[in-house]
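Structure assessment
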Amino acid sequence: MAKTIFKPAPEAESDIREERYQRPNNRRRILLITVAASVILGLVAILFGGAIFNPAATPESEPTMTATQIIPLVILVVMFVVATKWPLNIGVMGLVASFGVGYFMLGMTDKEILADFPANIVITIIGVTYFFSMAQRNGTIDIIVQNCVRLVRGKTLLLPWVFFLLAASLTALGTFSPAAVALLAPAAIGLAYESRIHPVLMGAFIINGAHAGGFSPLSVAGVLVHDIAVKNGFPISQGALFGASFALNLILSVLTVVLFALLGKLRDGAAGQHADLEARATRPHGQQILTLGLIVAMLVCALGFHMPIGFVALSAGLLLALVNIKEHQTFIGGVSWSTVLLVAGMITYVSLLQHVGVIDTLAEQALALGAPLLIALVLCYVIGVGSAFASSTALLTAFIPLAGPLLATSSLSASGTVAALAIAATVVDVSPFSTDGALVVANAREDDRQRVYKQLMMYAGGVVLVAPALAWALLVPTGIM
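Bear in mind that the values here come from a model prediction, so they are computed numbers and not experimental data.

Quick look at the overall build of the protein
- The helix and strand tally for the protein stands at 23 helices and 0 strands.
- For the protein, buried positions account for 49% of its 481 residues.
- Contacts in the protein between residues far apart in sequence, at least 24 positions, make up 81% of those at least 6 positions apart.
- Within the structure as shown, the protein displays about 22200 Å² of accessible surface, and the carbon and sulfur contribution to it stands at 66%.

Rendered as structure tokens:
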């Protein structure tokens, strides 16, 4: 007898679909409201906290903002809100806002508006992403992953640490953290299921590893933070920034293992077979050998001879393109143009804010709190909570300049304070609303994706609460850097 298959009516299907996505959307609305409230409270604390913590101060002694300063600042806040709610590139908005404010409000010429356009950082982004798009397409990244995974020799609980180091190596060489996560997540999450490792644990390790190497002297983020700090008059040690980022993410990964062990989640309950790791490892050949040699050459040129990594990566990429000329257009498409726009637009607009005195006025009002350590903690939390939903790079370009006057009038370590802000802005990218976290959810099994989403969101909530305070406590009051 034939089986009767029940098919719900279109209205029922619509109800089921609506119910399925209602709760995640509600959670997102709640978290967005939390972000907005945190940012508002942070600004209120900065703008008006002096009257609370330093009542002896007279109104005349406090700097006030003019309309020329308030309007561009409001535009910046609106840009962040729009970029959080809709998938619009905040860098494009920044360039358009720079033109609107500079040309129509301040009467600046196009050359004056673009005077601080970050050409060096743009070249670095283009060069690094151009080269590594080729390394990914010709299988070099896969070769590195396979041979590193082979080293665990069946000890599957070491797999998360292997991918932590792989992600750190990729980003330390100049790969963007989302690009490193995108390259590693399919293999890592697949091996996690086969080895019965919790996929959220594996995903957290990939993201932490990507951020651990994300501030190396070769990386775009490391160059970005260093250049912003130097431009604002407080040079920092690139080596110290890299070391602090690696150490904090390593500590966070250890705490993650402890948390999952206490919850009994180190091994996932879903059935799976152990992966045949050794059978998958292969040796490099042809273009892969050339690519590995070029990676070594890039390291020697950048670290040994202090050559600009952007031009070095472009040169290495051109050599690979000559070997595989037919796919050159595909390699050009691998350049992270969205990041180029984001960084260029945000730095240009923040430079405009500095030109009209917005950054200096906000910093002077923040100093009215009279407690530099408290100000640094507030900044860490505001940038941390905001980065869970908005672009970490955009927030870094906006918040690091605020630390300039604070560092100039206090005994806080410049390297420690900037490192704490940078780390607080990036470690929270494990949120499923960020690119890194979304990649982990996207690579989970289809029937397990909702569970991974919920558990990753809970884990991200803990990171948002703990990580900014941890970065501040270890790097700012201690003066260790």
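A few points about the side chain of serine 133
- Along the polypeptide, serine 133 turns up in helix α5 (residues 119-137).
- For serine 133, the side chain forms a polar contact with the main-chain oxygen of tyrosine 130, separated by 2.8 Å.
- Excluding residues that lie within four positions of it along the chain, serine 133 makes contacts with Phe331 and Gly334.

Things to note about the environment of methionine 307
- Within the element layout of this structure, methionine 307 appears in the loop between α13 (287-304) and α14 (309-323).
- Assessed through its relative accessible area of 38%, methionine 307 is described here as partly exposed.
- Not counting chain neighbours up to four residues away, the residues in contact with methionine 307 comprise Cys301, Ala302 and Val312.

Quick word on the pattern of salt bridges
- The final tally for this structure, using the stated rule, is 2 salt bridges.
- For aspartate 116, the salt bridge goes to lysine 231, with nearest N and O atoms at 3.7 Å. Taken as a pair, aspartate 116 in the loop between α4 (110-113) and α5 and lysine 231 in helix α10 (residues 220-231) lie far apart in primary sequence, 115 residues in all.
- Where arginine 451 meets aspartate 448, a salt bridge forms, and the shortest distance between an N and an O atom there is 2.5 Å.
- Residue classification places aspartate 448 among the buried residues on the basis of a relative accessible area of 10%.

Examining the packing of aromatic side chains
- Applying the stated criterion across every chain, the model contains 10 aromatic pairs.
- An aromatic cluster of at least three residues, connected via ring pairs, comprises Trp161, Phe164, Phe205, Phe242 and Phe246.

Describing a nonpolar patch on the surface
- Residues Leu250, Val254, Val258 and Leu262 make up a contiguous nonpolar surface patch of roughly 360 Å² in combined accessible area.
- Summarising the element assignment, leucine 250 is placed in helix α11 (residues 238-262).
- Exposure remark for leucine 250: the relative accessible area of 33% places this residue in the partly exposed category.

Thoughts on the nonpolar core
- Of all hydrophobic cores here, the largest spans 144 residues; its most connected members are Phe131, Phe163, Met202 and Val225.
- By residue number, the principal contributor to this core is helix α23 (residues 449-475), which donates 12 residues.
- Excluding anything up to four places from it in sequence, methionine 202 contacts Leu159, Pro160, Phe163, Ala188, Ile189, Ala192 and Ile197.

Side note on the packing of helix α9 (residues 199-212) against α11
- Viewed as axis vectors pointing N to C, α9 and α11 meet at an angle of 170 degrees, and their least axial separation amounts to 8 Å. In terms of orientation, α9 lies roughly antiparallel with respect to α11. For the pair α9 and α11, contact is made by Val200, Leu201, Ala204, Phe205, Asn208, His211 and Ala212 and by Phe242, Ser245, Phe246, Asn249, Leu252, Ser253, Thr256, Val257 and Phe260, respectively.
- Considering only residue class, the contact of α9 with α11 consists of 10 nonpolar, 6 polar and no charged.

Thoughts on α11
- For α11, built from 25 residues, the straight-helix expectation of 36 Å at 1.5 Å per residue is met to within 8% by its first-to-last C-alpha distance of 36 Å.
- Turning to α11, its buried residues are Leu241, Ala244, Ser245, Leu248, Asn249, Leu252, Ser253, Thr256 and Phe260.
- The inward-facing, buried residues of α11 abut α7 (159-172), α9, α10, α21 (414-426) and α23.

A word on the environment of leucine 173
- Looking at the element boundaries, leucine 173 is found in the loop between α7 and α8 (177-194).
- Leucine 173 sits in the buried class, given a relative accessible area of 18%.
- C-alpha of leucine 173 to C-alpha of phenylalanine 215: the two residues are 42 residues apart in sequence and 9.9 Å apart in space.
- Each residue touching leucine 173, except ones within four places of it in the same chain, is listed here: Phe132, Leu218, Ile295 and Leu299.

Quick notes on the packing of α9 against helix α22 (residues 435-442)
- Two numbers describe how α9 lies on α22: the axes approach to 10 Å, and their chain directions differ by 145 degrees. Between α9 and α22 the crossing geometry is right-handed. Residues Pro199, Gly203, Ile207 and His211 of α9 form the contact with α22, whose own contacting residues are Asp436, Gly437 and Val440.
- Split into classes, the residues belonging to the contact of α9 with α22 amount to 3 nonpolar, 3 polar and 1 charged.

A short note on α22
- Residues of α22 that are buried: Asp436, Gly437, Val440 and Val441. Seen along its axis, α22 keeps its buried residues to an arc of 140 degrees; they face one direction.
- Where α22 is buried, its residues meet α8, α9 and α23.

Considerations on the side chain of threonine 426
- On the secondary structure map, threonine 426 appears in helix α21.
- Note on threonine 426: relative accessible area 8%, which makes it buried.

Overview of the confidence of the model for the protein
- For the protein, per-residue confidence averages 79 on the pLDDT scale, and 82% of positions sit at 70 or higher.
- Taken element by element, the protein is modelled with least confidence in helix α1 (residues 10-53), mean pLDDT 49, and with most confidence in α9, mean pLDDT 94.
- This stretch, residues 1-22, has a pLDDT under 50; its non-local contacts, to residues over four places away or in other chains, come to 4 contacts.
- pLDDT under 50 marks residues 44-61. Its contacts with residues more than four places away, or in other chains, come to 19 contacts.

Definitions and limits used
- Residues numbered from 1 in each chain as written.
- Predicted model: local features only at pLDDT ≥ 70, side-chain atom pairs only at ≥ 80, totals over all residues.
- Heavy atoms only, no water.
- Helix = DSSP H or I, 4+ residues; strand = E, 2+ residues; numbered from the N terminus.
- Buried < 20%, exposed > 50% of the residue type's maximum accessible area, 1.4 Å probe, protein only.
- Contact = heavy atoms within 4.5 Å.
- Areas by Shrake-Rupley, 256 points an atom, 1.4 Å probe, with all protein chains shown as cover.
- Polar contact = N/O pair within 3.5 Å; in protein donor to acceptor, adjacent residues only side chain to side chain.
- Salt bridge = Lys/Arg side-chain N within 4 Å of Asp/Glu carboxyl O.
- Phe/Tyr/Trp six-rings, centres within 6.5 Å; stacked < 30°, edge-to-face > 60°.
- Patch = residues over 30% accessible without salt bridge, like charges linked within 9 Å, V, L, I, M, F, W, Y side chains within 5 Å.
- Core = buried A, V, L, I, M, F, W, Y, C linked by side-chain atoms within 4.5 Å.
- Axes fitted to C-alpha atoms, helices over the stretch in contact; angles between N-to-C directions.
- Parallel < 35°, antiparallel > 145°, perpendicular 65-115°, else oblique.
- Nonpolar A, V, L, I, M, F, W, Y, C, P; charged D, E, K, R; others polar.
- Expected span 1.5 Å × (residues − 1).
- Left-handed = near helix turned anticlockwise from the far one by under 90°.
- Arc of directions from axis to C-beta.
- pLDDT = per-residue confidence, 0-100.

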